[in-house]
Amino acid sequence: MGLIVDDNDGELFIPPPNFSMVEDGIYRSGFPQLENFGFLSTLNLKSIIYLCPEPYPEENLKSLESNNIKLFQFGIEGKTDPPTPMPKDTVLSALRVLVDVRNHPILIHCKRGKHRTGCLVGCLRKVQNWCLSSVLEEYQKCAGLKWRQRDLRFIEDFEVLRLRQCLHSIIYQYNGYGLKRRKLLYQEENVVQEQQKAQATKG
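Residues numbered from 1 in each chain as written. Predicted model: local features only at pLDDT ≥ 70, side-chain atom pairs only at ≥ 80, totals over all residues. Heavy atoms only, no water.

A. Examining the sheet that holds strand 3 (residues 20–23) more closely. Strand order in the open sheet formed by 5 strands is 3-4-7-5-6, and the pairing between neighbours is mixed. Both outer strands of the open sheet, strand 3 and strand 6 (70–73), are each paired with one neighbouring strand and no more. Mean inter-strand twist for the sheet, computed between neighbouring axes without regard to direction, equals 25°. Both strand 4 (residues 26–29) and strand 7 (residues 106–109) contribute to a ladder of 4 bridges, which runs parallel. Its bridge partner being in strand 7, R28 is matched across the sheet by I108. Helix 4 (residues 115–127) rests against strand 3, strand 4, strand 5 (47–50) and strand 7 of the sheet, and its axis sits at about 155° to strand 4. (Pairing = 2+ DSSP bridges. Helix = DSSP H or I, 4+ residues; strand = E, 2+ residues; numbered from the N terminus. Axes fitted to C-alpha atoms, helices over the stretch in contact; angles between N-to-C directions. Contact = heavy atoms within 4.5 Å.)

As structure tokens, then:
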């Protein structure tokens, strides 16, 4: 765990375990403790995606409220005995929140910031049109020695088309990795038109 020193007053900022930047405005980590909220305040977060079923600690909730940070909780079990499969619909719902730039800057975390978080980031990378080998390599690097074969299969099998079919608001399309290369597209009308065309063809 690293320490960041604020040059102005010498205050120590401690990032959460396994913290890293996914890209501009998107971060990932393990579960933040109270000692980490000073560091998180430097990110100017608007939202947090929490991928565990357990209730968020009351003290953490107070810190989020005082900093006007919105919490999105998607309860995904992390059991390994017996193993719990990743729920596709839940991941899809979390992904819809993640790709909406109105929620950025945003932090994704589960307990360790490895498996559940890694699966969501892997699905994001597919939305970003990363090649599959790079997506899986990133997952394994962040998960370390405890990477899971079933997570790799989940990421590989995840259908990005489901995101486009289910969204009824703004879809954020990533073009490159920097803020200047991003484009916010309003796709709902296009999706509806495509569905109407398909229905007309069947008729």
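B. Quick look at the packing of aromatic side chains. The tally for this structure, following the rule as stated, stands at 6 aromatic pairs. Judged by centre distance (4.9 Å) and plane angle (85°), the ring pair of F19 and F39 falls under edge-to-face. Separated by 20 residues along the polypeptide, F19 in the loop between strand 2 (12–13) and strand 3 and F39 in helix 1 (residues 37–41) bring together distant segments of the chain. Here F19 falls in the partly exposed class, since its relative accessible area comes to 24%. Judged by centre distance (6.1 Å) and plane angle (45°), the rings of F154 and F158 are tilted. (Phe/Tyr/Trp six-rings, centres within 6.5 Å; stacked < 30°, edge-to-face > 60°. Buried < 20%, exposed > 50% of the residue type's maximum accessible area, 1.4 Å probe, protein only.)

C. Summary view of helix 6 (residues 149–157). Of the residues making up helix 6, those classed as buried are D151, L152, F154 and I155. Mapping the buried residues of helix 6 onto a view down its axis gives an arc of 160°, with all of them on the same face. The elements touched by buried residues of helix 6 are helix 3 (88–98), helix 4 and helix 5 (132–143). (Arc of directions from axis to C-beta.)

D. How the structure looks around the environment of Y139. Along the chain, Y139 falls in helix 5. Judged by its relative accessible area of 2%, Y139 falls in the buried class. C-alpha of Y139 to C-alpha of L152: the two residues are 13 residues apart in sequence and 7.9 Å apart in space. If sequence neighbours within four positions are ignored, Y139 has contacts with K114, H115, G118, C119, W147, R148, D151, L152 and I155.

E. Local environment of the environment of L45. Mapped onto the secondary structure, L45 falls in the loop between helix 1 and strand 5. Since its relative accessible area comes to 6%, L45 is described here as buried. With 19 residues separating them along the chain, L45 and I26 place their C-alpha atoms 9.2 Å apart. In contact with L45, not counting residues within four places along its chain, are Y27, L40, I69, P105, I106 and L107.

F. Layout of the pairing of strand 3. Sheet topology note: the strand 3/strand 4 ladder contains 3 bridges and is antiparallel. Residue pairing in the sheet places M21 in a bridge with Y27 of strand 4. In this antiparallel pair of consecutive strands, strand 3 and strand 4, the connection spans 2 residues, and G25 shows a positive phi of 85°.

G. Summary view of the environment of S47. Residue position: S47 is located in strand 5. For the pair S47 and I69, spaced 22 residues apart in sequence, the C-alpha to C-alpha distance is 5.1 Å. Among residues more than four places away in sequence, those in contact with S47 are I69, K70, F72, N103, P105, I106 and L107.

H. Molecular detail of the nonpolar core. With 49 residues, the main nonpolar core has I49, L51, L95, L98 and L120 as its most contacted residues. At the level of secondary structure, the elements contributing two or more residues to this core comprise strand 4, helix 1, strand 5, helix 3, strand 7, helix 4, helix 5 and helix 6. Those residues in contact with I49 that sit more than four places away from it in its chain are F72, F74, A94, V97, L98, I106, L107, I108, H109 and L120. (Core = buried A, V, L, I, M, F, W, Y, C linked by side-chain atoms within 4.5 Å.)

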